Amino acid sequence: MLKVSSSDEWLDCVINDMDTFLPQHATAEKKASGMALSLVSHYPDKSDIVKTMTDIAIEELAHFRDVLKLMQERNLLQCRDEKDGYVLQLRNHFRKGSEDYLMDRLLAGAIIEARGAERFGLIAETLPESKLKTFYKTITQSEERHHEVFISLARKYFDDEAINKRLDILLEIEARILEALPVRCTLH
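Reference entry: report on the structure contained in this document. Note that the structure is predicted; figures quoted are calculated from it, not measured. (Residues numbered from 1 in each chain as written. Predicted model: local features only at pLDDT ≥ 70, side-chain atom pairs only at ≥ 80, totals over all residues. Heavy atoms only, no water.)

### Some remarks on the overall build of the protein chain
A tally of helices and strands in the protein chain yields seven helices and zero strands. Going from N to C terminus, the protein chain has its helices and strands arranged as α-α-α-α-α-α-α. Radius of gyration (C-alpha) of the protein chain: 16 Å, near the 16 Å computed for a compact globule of 188 residues. For the protein chain, the C-alpha atoms occupy an extent of roughly 45 × 30 × 30 Å along the three principal directions. Evaluated residue by residue, the protein chain yields a buried proportion of 48% over its 188 residues. When contacts within the protein chain are restricted to residue pairs at least 6 apart in sequence, those whose partners lie at least 24 apart make up 81%. When the accessible surface of the protein chain is split by element, carbon and sulfur atoms take 51% of a total near 9,600 Å². Measuring between centres, the 26 positive side-chain charges of the protein chain sit 4 Å from its 33 negative side-chain charges. (Helix = DSSP H or I, 4+ residues; strand = E, 2+ residues; numbered from the N terminus. Rg over C-alpha atoms; globule rule 2.2 N^0.38 Å. Buried < 20%, exposed > 50% of the residue type's maximum accessible area, 1.4 Å probe, protein only. Contact = heavy atoms within 4.5 Å. Areas by Shrake-Rupley, 256 points an atom, 1.4 Å probe, with all protein chains shown as cover. Lys, Arg positive; Asp, Glu negative; His and termini not counted. Charge placed at Lys NZ, Arg CZ, Asp CG, Glu CD.)

Shown next, in the form of structure tokens:
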């Protein structure tokens, strides 16, 4: 689905500095849980969103806990939350109007999860056999499933043609954002 792949430079940065990446990853999981709960708060009248996003929020929080455990094994501390430029730039392209905004939030969620799956998958492929490799294999599958959940939710509210058209636009935007990001040991 993604229009561009993550760079080898990004992967090298992460693989060569997992002690910097892990606290950043933990923060991303915590924010993902918060984003899911934000959807619950904004759409209390949509029971399928409430149930699905509650489940995702709990799963993302469990990922946060799991990354914290890996960090504790390495004597790493949690880092301060910083604004995620990638997510903020993507959000800047959300349309106004309740229906358009809902579609954009769901599709952006799908894109963010797809990018996470791609990046975690690259990490898992590159790491030597270890507990860390197994963790990243598992989390890759979870992110892939989350991507599909966001698309499925969008299909409950919007027709395929509208979804495909808007998704293609957002994927082009995401590709430009990703290519312009500096190489850092962060998820985005």
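That covers the picture; the talk isn't over yet.
### Comments concerning the pattern of salt bridges
Using the criterion set out here, one finds 17 salt bridges in the structure. The partner of Lys156 in a salt bridge is Asp48, with the nearest N and O atoms 4.0 Å apart. Of the two residues, Lys156 is situated in helix H6 (residues 131-157) and Asp48 in helix H3 (residues 47-73); the sequence distance between them amounts to 108 residues. Residue Lys156 is classed as exposed on the basis of its relative accessible area, which comes to 54%. A salt bridge links Lys131 to Glu73; the nearest nitrogen and oxygen atoms lie 2.4 Å apart. Of the two residues, Lys131 is situated in helix H6 and Glu73 in helix H3; the sequence distance between them amounts to 58 residues. Each member of the salt-bridge network shares a partner with another, and the members are Arg95, Asp100, Asp104 and Arg166. (Salt bridge = Lys/Arg side-chain N within 4 Å of Asp/Glu carboxyl O.)

### Digging into the state of the cysteines
Inspection of every chain in the model, using the stated rule, returns one disulfide. Note that Cys13 is cross-linked by a disulfide to Cys185, the S-S spacing being 2.4 Å. As the torsion about the S-S bond is roughly -115 degrees, the Cys13-Cys185 disulfide counts as left-handed. Pair noted here: Cys13 is in helix H1 (residues 8-15) and Cys185 is in the segment after helix H7 (160-180), with a separation of 172 residues, a long-range link. Under the relative-accessibility criterion, Cys185 is labelled buried at 9%. (Disulfide = S-S within 2.5 Å.)

### Remarks on the environment of Leu122
Summarising the element assignment, Leu122 is placed in helix H5 (residues 98-126). In this structure Leu122 touches Ser6 and Leu11, once residues within four positions along its chain are discounted.

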